[in-house]
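Read off the chains here:
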Amino acid sequence: MKKDIYEKMQILADSAKYDVSCSSSGSENNYKTGQLGATHNSGICHTFTADGRCVSLLKVLLTNFCIYDCAYCINRKSNDIKRAAFSPRQLADITINFYKRNYIEGLFLSSGIIENEDHTMLLILRTLKILRQEYFFNGYIHVKLIPGADERLIEQVVNLANRVSSNIELPSDKSLKLLAPNKSKEKVLQPLKYARDISLQKDIKPIGMSTQLIVGATPESDKDILKLSSVLYDKALLKRVYYSAYIPVNDDKNLPSLINKPPLLREHRLYQADWLLRFYDFKYDEIVNDEFPNLDEEVDPKTFWALQNLQYFPMEINKVSKEELLRIPGIGVRGVFKILKARKFKSLDFEDLKKLKISLKKAQYFITCKGKYHSKIAFYKDSIKQAIIQPPKKKIIQPSLFDMDYSAITGEI
């Protein structure tokens, strides 16, 4: 790779790392060049397919030049940073070369807004056409759509990509006006609406779509965030919402000054709640409401819901429905199917659940088996929560020297 191309890759891969819409971008290390284990991790990220496979992608910006001045973005036009831009040909060639060397299996392509929205979208489209139509590249391509771009350009990109996304970033128009004055919720969602409608019109499987929400940069509650996610799922605009704990990269009077670390635990709880929305048939207002607008950081959202609704528990594991089983803390979707299958043949007890590899760490407080309650903890909200947060420690018996069996050491029998 020529030096100028290598420098561009360093700049544009580093600029892309804050977008979490395709999962991990590698880990940081303090190794110096030449030391064992010192690797260059910029540009390669890892995402997971629906069947659980880990896929390596080239994650890069077409350019970090940008006419927008979003307060939270490292690439905002008012920042004095190194700028670079690939031509569509350069980026397509790099992708193919990396693919042939087995470095990557696909491409995640985003971009700053250069000149205007349509010009940027056209450059991305040219990159995809070179890959698909000249190199006949059939690998995975995820494209970040440009809000405000012409629908005809978006349609062509949708026809060439495997997945598309458009980052909402902030949960409300008020926050967008404060921190990203060039954007609005409607403007950001418009490309996703185009993509959905294009897929439906052609009577093909709808293309996968995702977005990103920054957590903690503005005062919205978890209820505000999950309500927005729920609406987007219900309207079939998204397959996945990614949540990104706010990390300060700029100094701006409108941004919060984080005294503590980024709200990573809050981000984690939002992902857990999002899982309940998508796979456990929960409604957002069951998880958060006016009384509890933010998720409990001490316990996961399903456990918190169960503690607030103890009138439904304990559930008899041999009698309740699939929908009720899904509400039991500690029992996942696969665990539910194991239980439903096994109880066709016999009435299950706690030992049977252990054999099925059902974790009882949390579930024991919310179930009965054959009418028996397994836990010795009193069936009260505070007692159960305390037991889950601080489970009783097992007593460790330290063997004395006189109890040890030395035959394994000496070879004696």
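Model, not experiment: these values are computed from the prediction.

(A) The arrangement of the pairing of strand E6 (residues 208-215) in detail. The buried fraction of E6 is high, at 8 of 8 residues. Side chains Gly-208, Ser-210, Gln-212 and Ile-214 project from E6 onto one buried face, and the interleaved Met-209, Thr-211, Leu-213 and Val-215 project onto a second face that is buried too. As paired elements, strand E5 (residues 163-165) and E6 share 3 bridges and run parallel to each other. Bridge pairing links Arg-163 to Gly-208 in E6. Relative to strand E7 (residues 240-245), E6 is paired through 6 bridges, and the arrangement is parallel. Its bridge partner being in E7, Val-215 is matched across the sheet by Ala-245. Regarding topology, helix H7 (residues 222-234) serves as the crossover connection from E6 to the parallel E7, and that connection is right-handed.

(B) Quick look at the pattern of salt bridges. A full pass over the atoms with the stated rule returns 16 salt bridges. Linking Arg-76 and Asp-252 is a salt bridge whose minimum nitrogen-to-oxygen distance equals 3.2 Å. Taken together, the positions of Arg-76 in the loop between strand E2 (54-61) and helix H2 (88-100) and Asp-252 in the loop between E7 and helix H8 (264-279) put the pair 176 residues apart, joining distant regions of the chain.

(C) Summary view of unusual backbone geometry. Look at the link from Phe-313 to Pro-314: it is a cis peptide, with omega at -5°. Tracing the sequence through the fold places Pro-314 in the loop between helix H10 (301-308) and strand E8 (315-316). With phi around 55°, Phe-136 is a residue other than glycine that occupies positive phi space. You can see Phe-136 is positioned in the loop between helix H3 (117-134) and strand E4 (140-144).

(D) Representation of the sheet that holds E8 within the structure. With mixed pairing, 3 strands are arranged side by side in an open sheet as E8-E9-E10. With partners counted over all chains shown, the strands left at the sheet margins are E8 and strand E10 (372-373), one partner each. With 2 bridges connecting them, E8 and strand E9 (residues 367-369) associate as parallel partners. Along E9, the bridge assignment pairs Met-315 with Ile-367.

(E) Local environment of the packing of aromatic side chains. What the rule picks out here adds up to 10 aromatic pairs. Aromatic side chains Tyr-99 and Phe-137 sit 5.1 Å apart centroid to centroid with 85° between the ring planes, which places their arrangement in the edge-to-face category. Pair noted here: Tyr-99 is in helix H2 and Phe-137 is in the loop between H3 and E4, with a separation of 38 residues, a long-range link. Judged by its relative accessible area of 39%, Tyr-99 falls in the partly exposed class. Phe-137 sits in the buried class, given a relative accessible area of 4%. A network of ring pairs unites the aromatic residues Phe-282, Trp-305, Tyr-312, Phe-313 and Phe-366 as a single cluster. Taking NZ or CZ as reference, Lys-59 lies 5.8 Å from the ring centre of Phe-108, over its face. One residue, Arg-327, lies across the ring of Trp-305, its end atom 5.0 Å from the ring centre.

(F) Spotlight on the environment of Cys-70. By secondary structure assignment, the location of Cys-70 is in the loop between E2 and H2. The sequence separation of Cys-70 and Ala-180 amounts to 110 residues, and the corresponding C-alpha distance is 4.3 Å. The contact partners of Cys-70, leaving out residues within four places of it in the chain, are Arg-76, Leu-179, Ala-180, Lys-183 and Asn-250.

Conventions used here
Residues numbered from 1 in each chain as written. Predicted model: local features only at pLDDT ≥ 70, side-chain atom pairs only at ≥ 80, totals over all residues. Heavy atoms only, no water. Buried < 20%, exposed > 50% of the residue type's maximum accessible area, 1.4 Å probe, protein only. Helix = DSSP H or I, 4+ residues; strand = E, 2+ residues; numbered from the N terminus. Pairing = 2+ DSSP bridges. Right-handed = clockwise from strand over helix to strand, strands pointing away. Salt bridge = Lys/Arg side-chain N within 4 Å of Asp/Glu carboxyl O. Phe/Tyr/Trp six-rings, centres within 6.5 Å; stacked < 30°, edge-to-face > 60°. Lys NZ or Arg CZ within 6 Å of the ring centre and 35° of its normal. Contact = heavy atoms within 4.5 Å.

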